[in-house]
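Take a look at the letters that make up each chain.
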Amino acid sequence: MAIEVRKVVLESVSDASGLAALIDEGAFDADGVIAVVGKTEGNGGVNDFTRILADQAFRKVLMDKGTRPYDEVKEIPMVWSGGTDGILCPHATVFAKVADDGPVSDEPRLDVGYAMIDVILPDDIGRHAMVEKVAEGVRRAMAEAGIEDPADVLGQNHVAHCVTDGETRLV
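Everything quoted here is computed from the prediction, not taken from an experiment.

Caption draft 1: Structural context of the packing of helix α1 (residues 17-25) against helix α2 (residues 50-65). Between α1 and α2, the least distance of the axes is 9 Å, while the angle of their chain directions is 25°. In terms of orientation, α1 lies roughly parallel with respect to α2. Handedness of the α1/α2 crossing: right-handed. Where α1 approaches α2, its residues Leu 19, Ala 20, Ile 23 and Asp 24 are matched on the opposing element by Phe 58, Val 61, Leu 62 and Lys 65. Class assignment for the residues of the contact of α1 with α2 results in six nonpolar, no polar and two charged.

Written as structure tokens, this is what we have:
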């Protein structure tokens, strides 16, 4: 398997037409999509509903054009960050597994592993409990990608929920 990475523009907060077009054009199958990372036009705060709308739109396209059941589609990691003030454009980067028709090589190549981690509680943030939960997730993602040496991991994307004023008062 190979990884196809494509970026699409979001024309509105609930636009997933770019994803649908890539599937329709044969860039990859809906069932091959393994992750999405995107930036919406919201404000990025705890009241930013644009991330939810984008998430719903992308998952709907995967349900409509693929064969995976809802329980599988809802587990696909989709990381949405709000706030595209200034020169930024709302967009999404889609990662999909595709058939690998390229030559066999010993050169390093892109691979993607993903894992959902245990809930990071407000009082875990910035503490050892958070480090342990993220580290365990990275280990699971490495195993899923077939990566054995941590030195071969060039990056990881971890997102936790925004902590509200009410939650900070509880800590």
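Caption draft 2: A look at the sheet that holds strand β3 (residues 78-82). Strands sit in the order β1-β4-β2-β3 across an open sheet of four strands; the sheet is mixed. Edge positions in the open sheet fall to β1 (2-9) and β3, since each of these has one partner strand only. With direction set aside, neighbouring strand axes in the sheet form an average angle of 10°. Inspection of the sheet shows strand β2 (residues 33-40) paired to β3 by five bridges, in the parallel sense. Counterpart to Val 37 in the pairing with β3 is Val 79. Each of β1, β2 and β4 (91-98) is contacted by α1, which is oriented at about 140° to β1, the strand it contacts most.

Caption draft 3: Highlighting the side chain of Asp 48. With respect to the helices, strands and loops of the structure, Asp 48 is situated in the loop between β2 and α2. Here Asp 48 occupies a buried position and makes no salt bridge, while the nearest side chain of opposite charge, Arg 51, is found at 4.1 Å. At a separation of 3.3 Å, a polar atom in the side chain of Asp 48 contacts the main-chain amide nitrogen of Asn 43. Of the polar contacts made by the side chain of Asp 48, one reaches the side chain of Thr 50; its length is 2.5 Å. Setting aside its immediate chain neighbours within four residues, Asp 48 contacts Thr 40, Gly 42, Asn 43, Gly 82 and Gly 83.

Caption draft 4: Representation of the side chain of Asp 15 in the model. Note on placement: Asp 15 falls in the loop between β1 and α1. For the buried Asp 15, no salt bridge is present, and the opposite-charge side chain at shortest range is Lys 65, 12 Å distant. Here Glu 11 takes part through its backbone nitrogen, which lies 2.8 Å from a polar atom of the side chain of Asp 15. Of note is the side chain of Asp 15, whose polar atom sits 2.7 Å from the side chain of Ser 17. Among residues more than four places away in sequence, those in contact with Asp 15 are Val 9, Leu 10 and Phe 58.

Caption draft 5: Examining the environment of Phe 28 more closely. Tracing the chain through its elements places Phe 28 in the loop between α1 and β2. In sequence terms Phe 28 and Ile 3 are 25 residues apart; their C-alpha atoms lie 9.6 Å from each other. For Phe 28, the contacting residues outside a window of four places in its chain are Glu 4, Arg 6, Leu 19, Leu 22, Ile 23, Val 33, Val 94, Ala 96 and Val 98.

What counts, and where the lines are drawn
Residues numbered from 1 in each chain as written. Predicted model: local features only at pLDDT ≥ 70, side-chain atom pairs only at ≥ 80, totals over all residues. Heavy atoms only, no water. Axes fitted to C-alpha atoms, helices over the stretch in contact; angles between N-to-C directions. Helix = DSSP H or I, 4+ residues; strand = E, 2+ residues; numbered from the N terminus. Parallel < 35°, antiparallel > 145°, perpendicular 65-115°, else oblique. Left-handed = near helix turned anticlockwise from the far one by under 90°. Contact = heavy atoms within 4.5 Å. Nonpolar A, V, L, I, M, F, W, Y, C, P; charged D, E, K, R; others polar. Pairing = 2+ DSSP bridges. Buried < 20%, exposed > 50% of the residue type's maximum accessible area, 1.4 Å probe, protein only. Lys, Arg positive; Asp, Glu negative; His and termini not counted. Salt bridge = Lys/Arg side-chain N within 4 Å of Asp/Glu carboxyl O. Polar contact = N/O pair within 3.5 Å; in protein donor to acceptor, adjacent residues only side chain to side chain.

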